[in-house]
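Below, each chain spelled out in residue letters.
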Amino acid sequence: MSVLEKFKSIRTFVFDVDGVMTDGSVQVFETGEQVRRMSTRDGYCLQLAVKKGYRVVVISGGSSEGVRQRLQYLGIRDIFLNVHDKVELLNRYAQEHGLDEKDMLYMGDDIPDYAAMKHVGLACAPSDAAPEIRHIAAYISSFGGGQGCVRDVVEKVLKLNGQWELDQSVASK
């Protein structure tokens, strides 16, 4: 099966946060608050995927409430933070929802994602992922973490399934 065929069969997107949905950097303020930056273009595609009926799952070792709020704002409900065993969670989630892991895309960027990426139908990575992750990824985005890699994979799936629609009322302005 070609990579494009794998993209077309995807029904569930699974994303790590730091280094995938963000550029992997954290701003730390004097108060101890940690702030991450996310792409609004990634956000647009994520909310569109949810509206089109795709499952979007976020699994992260981090525990930022700001990240949770942002993802909920986009319509994502399956948000798992402070996860230490991503494979166990992924397996349990697939079983609970009757999902076939071959219809899942997982995008990760670093060693904590390695094992989970080996359990899905399509393992993807941002361009700036760790070498070990790029080595096992079936697809490496030309975009880095927090810089459009999420949109890249979501857009491919939507386009291949005829669900990428240009809103002509917006395009003509």
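Since this is a predicted model, take the numbers as computed values, not measurements. (Residues numbered from 1 in each chain as written. Predicted model: local features only at pLDDT ≥ 70, side-chain atom pairs only at ≥ 80, totals over all residues. Heavy atoms only, no water.)

Draft legend 1. Quick peek at the overall build of the protein chain. Of regular secondary structure, the protein chain possesses 8 helices and 8 strands. Taking 16 Å as the expected radius of gyration for a compact globule of 173 residues, we find that the protein chain reaches 15 Å, a close match to that expectation. By its C-alpha atoms, the protein chain is 45 × 40 × 30 Å across when sized along the principal axes. For the protein chain, the computed accessible surface area is about 9,100 Å², with 48% contributed by carbon and sulfur atoms. Charge separation in the protein chain, taken as the distance between the mean sites of 21 positive and 24 negative side-chain charges, equals 7 Å. (Helix = DSSP H or I, 4+ residues; strand = E, 2+ residues; numbered from the N terminus. Rg over C-alpha atoms; globule rule 2.2 N^0.38 Å. Areas by Shrake-Rupley, 256 points an atom, 1.4 Å probe, with all protein chains shown as cover. Lys, Arg positive; Asp, Glu negative; His and termini not counted. Charge placed at Lys NZ, Arg CZ, Asp CG, Glu CD.)

Draft legend 2. Summary view of the packing of aromatic side chains. What the rule picks out here adds up to 5 aromatic pairs. Residues Y44 and W164 carry aromatic rings whose centres are separated by 6.3 Å and whose planes lie at 90 degrees to one another, so their mutual orientation is edge-to-face. Note that Y44 is positioned in helix α2 (residues 40-51) and W164 in the loop between α7 (149-160) and α8 (168-171), a separation of 120 residues in sequence. Aromatic ring contacts, followed pair by pair, group F13, F15 and Y54 into a single cluster. (Phe/Tyr/Trp six-rings, centres within 6.5 Å; stacked < 30°, edge-to-face > 60°.)

Draft legend 3. Just the environment of L160, in detail. Relative to the helices and strands, L160 resides in helix α7. Under the relative-accessibility criterion, L160 is labelled partly exposed at 30%. Taking C-alpha positions, L160 is 5.5 Å from K8, a pair spaced 152 residues apart along the chain. With residues near it in sequence (within four places) discarded, L160 still touches L4, F7 and K8. (Buried < 20%, exposed > 50% of the residue type's maximum accessible area, 1.4 Å probe, protein only. Contact = heavy atoms within 4.5 Å.)

Draft legend 4. Layout of the pattern of salt bridges. Per the counting criterion, the structure on display carries 13 salt bridges. Notably, a salt bridge pairs E96 with R92, separated by 3.7 Å at the nearest N-O pair. Taken together, the residues span about one helical turn, with E96 and R92 both in helix α4 (residues 86-96) at a distance of 4 residues. Residues D152 and K156 are paired through a salt bridge, measuring 2.9 Å at the closest nitrogen-oxygen approach. Placement of the pair is D152 and K156 together in helix α7, with a separation of 4 residues, close to one helical turn. Residue classification places K156 among the partly exposed residues on the basis of a relative accessible area of 26%. Several salt bridges share partner residues, and in doing so they unite D16, K86 and D113 into one network. (Salt bridge = Lys/Arg side-chain N within 4 Å of Asp/Glu carboxyl O.)

Draft legend 5. Here's a closer look at the UniProt feature "binding site: substrate" (unreviewed entry) in the protein chain. Sequence positions flagged by UniProt for "binding site: substrate" (unreviewed entry) are, in local numbering, D18. Within the secondary structure, D18 sits in the loop between β1 (12-15) and β2 (27-28). The exposure class assigned to D18 is partly exposed, which follows from its relative accessible area of 21%. Setting aside anything within four residues of it in sequence, one finds D18 in contact with G24, R36 and D109. Within polar-contact distance, the side chain of D18 engages the side chain of R36 at 2.7 Å. (UniProt positions renumbered as here; feature names shortened; annotations may be inferred. Polar contact = N/O pair within 3.5 Å; in protein donor to acceptor, adjacent residues only side chain to side chain.)

Draft legend 6. Spatial organisation of unusual backbone geometry. Even without a glycine there, the phi angle at N82 is positive, about 60 degrees. Looking at the secondary structure, you find N82 in the loop between β5 (78-80) and α4. According to the relative accessible area criterion, N82 is partly exposed, its value standing at 45%.

Draft legend 7. Inspection of the packing of α2 against α7 at higher detail. As a packed pair, α2 and α7 sit with axes 8 Å apart at the nearest point and diverge in direction by 35 degrees. Crossing handedness for the pair α2 and α7: left-handed. Where α2 approaches α7, its residues R41, D42, Y44, C45, L46, L48 and A49 are matched on the opposing element by C149, V150, R151, V154, E155 and L158. For the contact of α2 with α7, the class distribution of residues is 9 nonpolar, no polar and 4 charged. (Axes fitted to C-alpha atoms, helices over the stretch in contact; angles between N-to-C directions. Left-handed = near helix turned anticlockwise from the far one by under 90°. Nonpolar A, V, L, I, M, F, W, Y, C, P; charged D, E, K, R; others polar.)

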